[in-house]
Amino acid sequence: MNSHIQQRYVFAKDLIKNVGEIALSFYLNRDKLNIQHKKGEAQDLVSIADQNVEKEIKTALKAHFPDDGFLGEESGADGLDKDFCWVVDPIDGTSPFLYGLQAWCISIAVLYKQEIVIGLIYDPLHKELFHTIKGEGAFVNKAPLSASKATSLQEGLVGLGMSHRVPPSTFVPVIDQVLKEGGMFVRNGSGALTLAYVAAGRLIGYFEPHINAWDCLAGILLVQEAGGQTNDFLANDGLLKGNYILASSQGIFNQLEAIRSLTL
Ligand code: IPD
Ligand code: CA
Ligand code: CA
């Protein structure tokens, strides 16, 4: 394995746990946070917690890997032409975070020459670090992860994600069809954590018609390394424009892909 990738993996695992504690202390004091609504999208919230955690990550990366590129939800892109590029969502699940629910996390992925090579998702409330390096399997803390072996929607729960970036009418047929096929859905408000749960086999799949790279790159590698299947998210400029995300057990991928086609 490329020792430069390994070096970043070791560093990132410490970093994400450290900033996780910062995020957790904001969460425990969230009544003091000033919640802002981002312009242009209903339900899109941000607070100083998101901005502060991203700043901590960016500053640490600048100090240790000054030549690497960066793409963060709150501060945007910087040096995406570099061999290594970090893709960061400082808090995924900002609504649950601010409303005192439990599904939120920090998500960090590393790209090497446009390929995802590291994926980390940390859930500070449950002290679960989901982590993977390409080719070496996926883990939660020290335990190996294995995606579900489900072959039909009836065999488990599917995560569905939705935002106001997509017209509601495109999504309703998806829910309808999942139910008609004997499935059941959950939406927890964190796409990253939902993907980690697919990698862990807790959910059998996840679909969202549009999601951004910082929400899902770490989770995509986790699912792949846990033996699940995903779409080619980075196709069609997914890194900058976002794309749909479909991730599941290998046995239900085609069934979910057929349901996704209802959104086209
Ligand atoms: C959002 C969450 C949500 C998903 C949205 C994302 P944020 O990210 O991942 O589950 O449905 O598409 O934008 O705003 O909580 O970082
Ligand atoms: Ca997010
Ligand atoms: Ca976020």
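What counts and what doesn't
- Residues numbered from 1 in each chain as written.
- Chains lettered and ligands numbered in written order.
- Predicted model: local features only at pLDDT ≥ 70, side-chain atom pairs only at ≥ 80, totals over all residues.
- Heavy atoms only, no water.
- UniProt positions renumbered as here; feature names shortened; annotations may be inferred.
- Helix = DSSP H or I, 4+ residues; strand = E, 2+ residues; numbered from the N terminus.
- Rg over C-alpha atoms; globule rule 2.2 N^0.38 Å.
- Areas by Shrake-Rupley, 256 points an atom, 1.4 Å probe, with all protein chains shown as cover.
- Domains from an automatic or database assignment.
- Contact = heavy atoms within 4.5 Å.
- Buried area = accessible area lost by both parts, 1.4 Å probe.
- Salt bridge = Lys/Arg side-chain N within 4 Å of Asp/Glu carboxyl O.
- Phe/Tyr/Trp six-rings, centres within 6.5 Å; stacked < 30°, edge-to-face > 60°.
- Buried < 20%, exposed > 50% of the residue type's maximum accessible area, 1.4 Å probe, protein only.

Per an unreviewed UniProt entry, the protein is named Inositol-1-monophosphatase, and its organism is Avibacterium volantium. The protein has a UniProt comment under Cofactor (unreviewed entry) that states "Mg(2+)". Its UniProt record gives the protein a comment under Catalytic activity (unreviewed entry), which states: "a myo-inositol phosphate + H2O = myo-inositol + phosphate".

The next point concerns the overall build of the protein. When you go through the protein residue by residue, the secondary structure sums to eight helices and 15 strands. Expected size for 264 residues packed as a compact globule is a radius of gyration near 18 Å; at 17 Å, the protein falls within 12% of this value. Its C-alpha atoms give the protein principal-axis dimensions of roughly 50 × 45 × 35 Å. Here the protein has roughly 11,500 Å² of accessible surface; of this, 52% comes from carbon and sulfur atoms.

With that settled, the discussion passes to the domain arrangement of the protein. Segmentation of the protein into domains returns domain 1 (1-142) and domain 2 (155-260). Taking the mean C-alpha position of each, domain 1 and domain 2 sit 20 Å from one another. Contacts between the two partners involve 38 residues from domain 1, matched on the other side by 27 residues from domain 2. Summing both sides of the interface, domain 1 and domain 2 together bury roughly 2,400 Å²; the carbon and sulfur share of this comes to 71%. The interface formed by domain 1 and domain 2 contains one salt bridge.

Glancing now at the packing of aromatic side chains. Scanning all chains against the criterion turns up seven aromatic pairs. Residues tyrosine 27 and phenylalanine 97 carry aromatic rings whose centres are separated by 5.5 Å and whose planes lie at 55 degrees to one another, so their mutual orientation is tilted. With tyrosine 27 in helix H1 (residues 3-28) and phenylalanine 97 in helix H3 (residues 94-99), this residue pair connects regions lying 70 residues apart in the sequence. Ring centres 4.8 Å apart and planes at 85 degrees place the aromatic pair phenylalanine 97 and tryptophan 104 in the edge-to-face group. For tryptophan 104, a relative accessible area of 0% puts it in the buried group.

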